[in-house]
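# Commentary on secondary and tertiary structure
Now for the letters of each chain:
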Amino acid sequence: LLAASPPAPFSPLPAQPSSSSSSFRFSLPSSRAVPLTAPPAMLSPAALRSMSSMPTVMALCPRIGPFPTMRGGGAFAPGTLFFGAQALHVMVTSRFSFGAISTRWFGTGRPTNGDLLKMHFESMTEEQKKAPLFRDWLTYAASLPTRKVKDSTMVLHEQPFWAKPESLGRLALELKEPTTIARDAIHYLCAPPGSGKSATVVPVFLHPDADFTHLLYIAFRNNDGKFFQADPFDPPGGPAANSILAEEQGGAFAVDLLRSLLTEPWTTSGRRKIPLREVPGNPDKAKEEVEALLEEHCGKDCKVLLHVDEHRDMCDREEHPRCGARFSYGAMSAWQQAKNVTVIATYTDRPLAVPSEQSSTVCRVPLALPTFDPDAAAKDLPELKVPSSTDPSHDEQRLQATLRFRLAMKLRIVGLMYLHRHLRREEDLVLAPFLKEFKEAANSDENVKKRLESCIKICAVDDVETGDQQKDIASSLLLGLKDGSEELEQSRVSGLVVLPNRKLSASLVDLLGYRDPKHAVYLRGANRMAKVLKAPRSALDGTPLEEAYAWVLAVRSAVCETLDLGRSSFEAKFASIKLGRIYSTKDDKAVDWKFVQNMRDDTLYVAKEHGRPGVTGSEALDTHPRTDIFFLTAMGQLVLIDVTGSCRPNAVRSKLEKLTSAVMMLQKDMERGGVREVHGVVLAPFVSKEKGRVCNDGKEGLVCDDGRVELVCGEDAKYLLGGLAQVGEWFREDEKRD
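Residues numbered from 1 in each chain as written. Predicted model: local features only at pLDDT ≥ 70, side-chain atom pairs only at ≥ 80, totals over all residues. Heavy atoms only, no water.

### Some remarks on the packing of helix α4 (residues 165-176) against helix α5 (residues 197-206)
To keep it simple, the criterion reads: Geometry is summarised by axes, namely lines fitted to C-alpha atoms with helices restricted to the contacting stretch, and by angles between N-to-C directions that run from 0 to 180 degrees. Segments assigned H or I by DSSP are reported as helices when at least four residues long, segments assigned E as strands when at least two residues long, and all are numbered from the N terminus. Any angle that is under 35 degrees is reported as roughly parallel, and any over 145 degrees as roughly antiparallel; angles of 65 to 115 degrees are reported as roughly perpendicular and all others as oblique. The contact rule is simple, with two residues in contact once any of their heavy atoms fall within 4.5 Å. Throughout this entry, Asp, Glu, Lys and Arg are counted as charged residues, while Ala, Val, Leu, Ile, Met, Phe, Trp, Tyr, Cys and Pro are counted as nonpolar. The remaining residues, Gly among them, count as polar.
Running from N to C, α4 and α5 cross one another at 75°; their axes reach a closest spacing of 9 Å. One element, α4, and the other, α5, form an angle in the roughly perpendicular class. Note on element contacts: α5 touches α4 through Thr200, Pro203 and Val204, opposite Leu168, Leu171, Ala172 and Leu175. Across the contact of α4 with α5, the residue classes break down as six nonpolar, one polar and no charged.

### Here we look at the packing of aromatic side chains
The condition is simple: Classification of ring pairs rests on two measures: the distance between centres of Phe, Tyr or Trp rings, Trp counted by its six-membered ring, which must be within 6.5 Å, and the angle between planes, read as stacked under 30 degrees, edge-to-face over 60 and tilted in between. Buried means the residue's accessible area, taken with a 1.4 Å probe over protein chains only, is under 20% of the maximum for its type, while exposed means over 50%, and partly exposed covers the values in between. Throughout this description, the term charge over a ring refers to an Arg CZ or Lys NZ atom that lies within 6 Å of the ring centre and within 35 degrees of the ring normal.
All chains considered together, the criterion is met by 16 aromatic pairs. Judged by centre distance (5.7 Å) and plane angle (50°), the rings of Phe134 and Tyr140 are tilted. Overall, Phe134 belongs to the buried group, its relative accessible area being 3%. Taking the centre distance of 6.0 Å and the plane angle of 80° together, the rings of Phe570 and Phe631 count as edge-to-face. Of this pair, Phe570 sits in strand β21 (residues 568-570) while Phe631 sits in strand β24 (residues 629-632), and the two are 61 residues apart along the sequence. Here a set of aromatic residues connected by ring pairs shows up, and it is made of Phe121, Phe134, Trp137 and Tyr140. We note Lys129 situated over the ring of Phe121; from NZ or CZ to the ring centre the distance is 4.4 Å.

### Notes on the packing of helix α6 (residues 243-263) against helix α7 (residues 283-298)
At a closest axis distance of 8 Å, the pairing of α6 and α7 adopts a crossing angle of 10°. When the interaxial angle is binned, α6 and α7 end up roughly parallel. On α7, the residues touching Glu247, Glu248, Gly251, Ala252, Val255, Leu258, Arg259, Leu262 and Thr263 of α6 are Pro283, Ala286, Glu289, Val290, Leu293, Leu294, His297 and Cys298. Looking at side-chain class alone, the contact of α6 with α7 contains 10 nonpolar, three polar and four charged residues.

### Considerations on unusual backbone geometry
A negative phi angle characterises most non-glycine residues, just as the trans form characterises most peptide bonds. Note the cis peptide between Asp231 and Pro232, where omega equals 0°. Tracing the backbone through its elements, the reader meets Pro232 in the loop between β11 (228-231) and α6. At Asp224, a residue that is not glycine, the phi angle is positive and equals roughly 55°. Structurally, the position occupied by Asp224 is in the loop between β10 (214-219) and β11.

### A short note on a negative patch on the surface
Here is the rule: Every patch collects residues that have over 30% relative accessible area and no salt bridge, joining them within 9 Å if they carry like charges and within 5 Å if they are nonpolar side chains (Val, Leu, Ile, Met, Phe, Trp, Tyr). Only the protein chains shown count as cover for residues, and the accessible areas themselves come from Shrake-Rupley with a 1.4 Å probe. A carboxyl oxygen of Asp or Glu within 4 Å of a side-chain nitrogen of Lys or Arg is what we treat as a salt bridge. Think of it this way: Lys and Arg go in the positive column, Asp and Glu in the negative one, and His and the chain ends go nowhere. One atom stands in for each charge, and that atom is NZ of Lys, CZ of Arg, CG of Asp or CD of Glu.
A surface patch of like charges, here negative, comprises Asp462, Asp463, Glu465 and Asp468. One can find Asp468 in the loop between α13 (448-458) and β16 (469-470). The exposure class assigned to Asp468 is exposed, which follows from its relative accessible area of 59%.

This is how it looks when you write it as structure tokens:
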């Protein structure tokens, strides 16, 4: 029950209108009331999002108005809005009308980030909105990031953001939690152009796990011409040739820029020049001035997320590179060291003006971009819906994983901005033909497997080349490098991406295009992985996850001359990746001991079966039981690796039990193949360590007579994916999806 006065406690009464236009009684099965204080206050977007997954009644008081504009409908008149997991109820107080709409915002689509950001803005107190920048929503919204796509300007916060919820949540928590390395850490997102770096910040700001009151955006390039710049920009007159003075100038510049942002809202496009002070003052004073500015204009208890975009163009960095870098460091340090300010920098490269995490001063800390989710995109673009049955078989799930990988890669290479153009019904000659063809294939047959295979063929990525560029650190990039490492600092690499474990790698397209002069096996693995993307194949048996592990494990052995798999360590240095079969049929009792006897210790073997890269259609081979990847060490250790993309502990347990049985059977006759020990490893990256312990009966491994079978899962298994962890989420199978 909600009235114009503070509401009485909720009681599940039959739905009925009252005699007054100011109240309405209703009930929702399994709902719970959200208590409102007197006077009632609008719940924050973070609260809205956190409750949207449960049957909840959310009340927005009539006194709050005006209500935000919802997609598909106009602005609500002052009234009451009830938001629940089952329905949306709207009451307009003047001779009210009542309507129930399914779990979407009045009309079509879910609330956009723009809707939620506007709700957050309108829920801010007067004290938090004292700055002219916050005069009204349109004034504030004009300060937020935009991007030019062909002949149109795209307002980023108005576009759907399609990301894996868990990866977005991880990013929100990493921004919220102070780094253990240094208190004053400037977080950064770096990735190739068009990856969604700038578009990520608003969804993170709105995430329930984030805890910010204000989002401020500062651009130094692009943004439809609305960006800041030091004045003068370059020598003479620009940042001082003395590095100490340049740092002090940067701190003063940070204060003056922030004052301009808060007190002089953007009205037209055009760069805004911030004059450099002749006598800048001490850097500590700059931090205090930033704090005073924010307290004056954003409130005493404000918590600010400061988005610094295109930081490399803050000032000239060509004539006096060191001094230009110190200027940038001074500016970003002044912002970050201020109380209750968190800086997130976005650019195609790291903020090299700021030291890496090894520094005890203000340092830079990399953050991984949230993973693009094609299933989320399909909710706005039904043409992208992946075929599925009510109870998909294991084969269907593997096909779906392959399709999601190829589909996501194709869309990323073409550019996600074209999906937004298509959604806005703008002229689209790039994606429209593909989307039409994909939709037709997804509905072409009653058999789901045939539809999946048709879609997989359509999603072939033809413009991926391998071995085009020699790169001495290609193998290290594939394994992942720590920011600040000597290898990375000595070799300038463009288009770096941050992995979930905060190591750095190159984009998958770049990794495929490299060749390593020191390790020939790198290119062999790249060629196999490229075929997963390019070949018009069903990929029924050879999933991308298995090929990813084969590539990275082969290169890891070549670089480290050892492979650590769980608690087991094997001396191995592979020079080649080849197809092979330990079992001549799909029966794990039909062991080909002659093949085992001829196995080379410098070769990593991938099971030869239908659907693998390198296996022609004329080879009607059975699936290979129990193992996807295997090798023989010089010490006579036969190692079987079974890879699973399953999220279900029971499925992983079954894998573990079957591999254990196979290892024990092989050990009985292993002398026939010249084998001294047999080991087994199940790699399950999408089952957490906690659930993995349940799969493994609480043990680290199941001990056999002369070998060991163990489960490597969760973060340990993802670590073994190296740089390919950037696309690892696309390999996930049997995940529950809407």
